[in-house]
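Structural description and commentary
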Amino acid sequence: MSVRSGQSITVLFTTRVFATGVGTDADSTPTGTLYVNGTANAATVTVTHISTGLYKAAVTLPTLAIGDEVELLIAATVSSISDSAVVWADTKDLAIDSSGGAAVSVGTGTGQINLSSGKAPATLASTDVTGNVPADAKAINAVSTSSVTTVNANLGTTQPVGFTGTGASALVKGDATDIGGTTAASATIGTVTNLTNAGPDTSGTTTLLSRLSAARAGFLDNLNVGGAVASHADVVAINQSASKHLLLVTVGQYEPGETYTIEMRTFAAADGSAVNADTTPTLTATGQVSGSLSGNLSAAANPATGVYRWTYTPGSSPTLEQIRFDGWATISSATFTLSAYAQTVDLPTAVFTSTDQAHLTAIYDKLPSNNLADETLLLAAIGTPMQAGTAVELSATQPNYLPAKAGDAMALTSGERTSLSTALLDLADAIETGITLRQSHRALLAALCGKITSAGSNPEVFQNPAGTANRISVANDSAGNRTAVSLTL
């Protein structure tokens, strides 16, 4: 497409929230600037709001010369984030008048047509060498028509040479009889490599050939795409995109008392290589509830080309909220912005509800007031008991033993001790209906010391310390309240 001087251009564009892509109005009416050959032009660009997130920009083009390139740059601020992009671009390739037709002038100069009342003149002076064909031929192949008698002899009812039919019904034969004075058989004409008597190139052809360099011809040869070809505006928009120049990375969840690293990488638009910003980039942190949290950020470090790092320390008792990190970097005199999101969570508080705490208290209340004695403690206290089947040797002075009675100490076998332990651990409904002491300890071990998978997602899964068995699956609502619990004990 080609544009013309004084042409009115109207272009639609949209504004969106960077994080979600949802169309929304800019903080204020966007502004537009017309560029001609890369230089800002004084032409007035009028921006009009149409609907939510939709605007139109209108501008009247100034006087343009053939080959001039025009671009429309729009700048907007959405949710306090500013950016700009080229939304339209074109080139004046032809001389076009106000009606959209080719502007052709009468005359004998380059690119002009010698017309008389809209048609070729009846006669043409011998000095006219512009390539116009006169009504009467002055010469044929540089030979004066006065000496050409073959044409005159074949007029009227005489069969013309190389024609079928006579007079007004004469038609050119389908096969050439002679080429350059040599008889040519049908379908044996070789490839024509040079037309010595062809007319000169037009001005448009000359301009096209001069612009079609070898490099540009190579681009055309490589132009093999399945869809629409990206325009100059598309390429400019990509190069001006913040995501092509910046990469901002952080972890998704912060826990109290920990320290985390936030990394920004900066790139050159031309080849995507790592490059340092013009100055040290800026990073801010904003809590959804607390407001500015930039005081938790350290100073920026630059350990490698195009790499900047900050540490973030949420503190021992931070507000549990979403945090937005906004980064700014100036690269090759152009400023780019990018945001990333994280959240501060207290996993014990978020995972264990008041109901869970009540369950733990109930388990604790069922335990004896003294420490539970295991086999090692018992043996240390009472010594090794006599096992069943062990021979008993009495001293000569040992008195006779009476049968055992209630209250007498008795030793249990290893199997008996195991049976008692198993009975206690697997006592039905020992803790809650359907939950034994062994099962409750498995749940406690998984919740307090086990591995966690799918943290922060729905559901969260707690495994045994070895990570070989899923013990607890918890479903939470958006506020972090536990809504369903599945136990595999």
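Scroll up to find the structure this text is about.
In this report, we go over the structure that sits alongside the text. (Residues numbered from 1 in each chain as written. Predicted model: local features only at pLDDT ≥ 70, side-chain atom pairs only at ≥ 80, totals over all residues. Heavy atoms only, no water.)

1. Things to note about the overall build of the protein
Along the backbone of the protein there are 10 helices and 26 strands. Across the 489 residues in the protein, those meeting the buried criterion constitute 22%. Restricting the contact set of the protein to residue pairs at least 6 apart, pairs at least 24 apart contribute 52%. Looking at the protein as shown, the accessible area adds up to about 31,600 Å², and 55% of this sits on carbon and sulfur atoms. (Helix = DSSP H or I, 4+ residues; strand = E, 2+ residues; numbered from the N terminus. Buried < 20%, exposed > 50% of the residue type's maximum accessible area, 1.4 Å probe, protein only. Contact = heavy atoms within 4.5 Å. Areas by Shrake-Rupley, 256 points an atom, 1.4 Å probe, with all protein chains shown as cover.)

2. Digging into the pairing of strand 17 (residues 282-287)
Residues Leu283, Ala285 and Gly287 point to one face of strand 17 and are all buried, whereas Thr282, Thr284 and Thr286, pointing to the other face, are not buried. Across six bridges, strand 17 lies against strand 21 (residues 322-331) in antiparallel orientation. By the bridge assignment for strand 21, threonine 286 is matched with arginine 324. The sheet contact formed by strand 17 and strand 18 (residues 291-292) spans two bridges and is antiparallel. (Pairing = 2+ DSSP bridges.)

3. Observations regarding the sheet that holds strand 26 (residues 482-487)
Spatially, 23-24-25-26 is the arrangement adopted by the four strands of the open sheet, whose pairing is antiparallel. Among the strands making up the open sheet, the edge pair consists of strand 23 (452-453) and strand 26. One ladder, built from four bridges, connects strand 24 (residues 460-463) with strand 25 (residues 470-476); its direction is antiparallel. Looking at the pairing, valine 461 lines up with serine 473 of strand 25. Sheet contacts for helix 10 (residues 437-449): strand 24 and strand 25; angle to strand 25, the most-contacted strand, approximately 65 degrees. (Axes fitted to C-alpha atoms, helices over the stretch in contact; angles between N-to-C directions.)

4. Things to note about the sheet that holds strand 2 (residues 31-36)
Strand order in this open sheet of four strands is 3-2-6-7, and the pairing throughout is antiparallel. If you trace the sheet from one side to the other, it starts and ends with strand 3 (39-40) and strand 7 (81-91), each paired once. By the bridge criterion, two bridges tie strand 2 to strand 3 in an arrangement that is antiparallel. Its bridge partner being in strand 3, valine 36 is matched across the sheet by threonine 39.

5. A few points about the nonpolar core
One finds Leu248, Tyr254, Ile262, Leu297, Tyr312 and Phe325 to be the most contacted residues of the largest nonpolar core, which totals 22 residues. When residues of this core are traced back to their parent elements, those giving at least two are strand 14 (246-249), strand 16 (260-266), strand 17, strand 20 (307-312), strand 21 and strand 22 (334-344). Contact partners of tyrosine 254, with chain neighbours within four places excluded, come to Tyr260, Ile262, Tyr312, Pro314, Ile323, Phe325, Ala342, Gln343, Thr344 and Val345. Core analysis: the second largest hydrophobic core is formed by 21 residues, Val47, Leu61, Ile74 and Ala76 among them. (Core = buried A, V, L, I, M, F, W, Y, C linked by side-chain atoms within 4.5 Å.)

This is a description of form; function is not addressed.
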